[in-house]
Amino acid sequence: MATNIQANRVSSGAPAEDPHLRRGPRGYPLLPGGYGRSTYYTGAPSPYAVRGEGYRVWDDRGRELIDANNNFTSLIHGNAHPDITEAATKALSSGASWGIPNLYEWELADLLLSRLTELDQVRFTNSGTEAVMSAIRIARASTGRERVIVTKGGYHGTSDIALVPGGPTYTRGVPQGVIDDVTPVPLNDAEFLRRSIEAAPDAYAAIILDLLPNRAGLLRISDEFVTTARELATRYGIVLIIDEVISLRLGPHGLSGGYGVSPDLLTTGKTIGGGFAVGAVVGLGSLMSEVDPTRPGSLPHGGTFSGNPVSMAAGAAALRLYSESEVKRLNSLGDAARESVMARVADVGWEVRGRGSLLRAVPAGSEKVDEGTQHRLWWESYNRGLLGSPANLLSLSTPMDQAVVDDIADRLTDAVLAVAADAQD
């Protein structure tokens, strides 16, 4: 197993001091807590990336790491893929962004709709969070209703509505009126979903589904739950929004295609940006007309950098590279790795969840993993040269082959066994 990882010393770029300690003229750290994103936090000062190439990343502590974080699943082709770099550089050389449309938007929209064949139109945003916000507004405008149903443990970004299913930890600062407009439904409880809607069918604008919610420990939503959501949405004129910001990578037609269910609106991001900021709402023409500026009374939708040529060009290159055969290959590698690790950690009370190219080790049966356990596993993985997300979600990238994924499985197994042994002491 991968217990002796040789750390390669980074020859340049390492800061002279821990950046977390750098302070401004008034004595505060330059960044709150020393972090540019709260989602970077792993319980202790984090290493800083220096450079990346393919499936590897080097940090300022001299370590060479297998990058299975991939910027929270967005780098489907790993770091600095030459085709994506070339596409982005070519676009940038002609101008980073403009105040009139650009042709790159059409190319990426065409590629997206060639995969999501039951939907009609695309509107680009800067992030998955913005895509979900726009989808909810479209749903509310088209139905004239306000309330929204979400699944507990689902993650839909950081807007006020999206924070509600996370519970009290996430809703501090969210107005009570927003909280009252959101009905969180227990994961896979189709009967609860049915009762909630039938109690007030004219109140709900949208049902939002995250088909593989990482916040709930990467638990899979059941076919029955998805089918029930589609049936109820159709019956009562509710807009079904499926959030595939993360899960679009799992099938040639997204993960929803694997359920045989088509949403009214689909939100996505990450994979479709080639590593650049991006989000998108893809939907039925009857709904997307709500943001058609040629239509009287349409919803205004902006975003200074929405649909910018660099993100669009990089995203188009990324989608072209991520062919159906690559989707299947990466999913097969992930499924095998999940089974391999599961066989070695089951006896210590852990399991490995996920689907295809996404996997996450968690204590068996848990619906929510405590932060301390997540942080311990992150550091045990890091010390073995494996970089995951702070929640220990691992995502594979196309530069990885069988040998690399086997190595990931070994390192992850070692890290889980170390955490389990520590818990027993």
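Residues numbered from 1 in each chain as written. Predicted model: local features only at pLDDT ≥ 70, side-chain atom pairs only at ≥ 80, totals over all residues. Heavy atoms only, no water.

## As for the domain arrangement of the protein chain
No. 1: Here the protein chain is described as being made up of domain 1 (32–79 + 324–423) and domain 2 (95–322).
No. 2: When each unit is reduced to the centre of its C-alpha atoms, the spacing between domain 1 and domain 2 is 26 Å.
No. 3: Each side of the interface is counted separately: domain 1 has 26 residues, and domain 2 has 21 residues.
No. 4: Summed over both partners, the interface of domain 1 with domain 2 buries about 2,200 Å², with 60% contributed by carbon and sulfur atoms.
No. 5: Considering only the side of domain 1, the residues that lose the most area to domain 2 are His77, Val327 and Arg355, jointly responsible for 28% of the buried surface there.
No. 6: Seen at the junction of domain 1 and domain 2, the total is 0 salt bridges. (Domains from an automatic or database assignment. Contact = heavy atoms within 4.5 Å. Buried area = accessible area lost by both parts, 1.4 Å probe. Salt bridge = Lys/Arg side-chain N within 4 Å of Asp/Glu carboxyl O.)

## As for helix H2 (residues 82–94)
No. 1: The end-to-end C-alpha separation of H2 is 19 Å, in line with the 18 Å expected for 13 residues at 1.5 Å each.
No. 2: Along H2, the residues that are buried comprise Ile84, Ala87, Ala88 and Ala91. All buried residues of H2 lie within an arc of 95° about the axis, which places them on one face of the element. Away from the buried face of H2 by more than 90 degrees, exposed residues Pro82, Glu86, Lys90 and Ser93 are located.
No. 3: Check the buried side of H2 and you find it contacts helix H3 (104–115) and helix H12 (309–321).
No. 4: Where H2 ends, the next residue or the one after it, glycine 95, has phi of about 135°, a positive value. (Helix = DSSP H or I, 4+ residues; strand = E, 2+ residues; numbered from the N terminus. Expected span 1.5 Å × (residues − 1). Buried < 20%, exposed > 50% of the residue type's maximum accessible area, 1.4 Å probe, protein only. Arc of directions from axis to C-beta.)

## Things to note about empty space enclosed by the protein
No. 1: Counting across every chain of the model gives 2 cavities of 30 Å³ or more.
No. 2: Reported here for the largest cavity is a volume of approximately 40 Å³.
No. 3: Residues of the lining of the largest cavity, tallied by class, amount to 4 nonpolar, 2 polar and 2 charged.
No. 4: There is about 30 Å³ of room inside the second largest cavity.
No. 5: Among the elements that make up the lining of the second largest cavity, the one with the highest residue count is helix H14 (residues 371–383) (3 residues).
No. 6: Of the residues in the lining of the second largest cavity, the class split is 5 nonpolar, 4 polar and no charged. (1 Å grid on protein atoms, 1.4 Å probe; cavity = no way out; pocket = protein on both sides within 12 Å on 5 of 7 lines; lining within 4 Å. Points joined across faces, edges and corners; volume = space filled by probe spheres on them. Nonpolar A, V, L, I, M, F, W, Y, C, P; charged D, E, K, R; others polar.)

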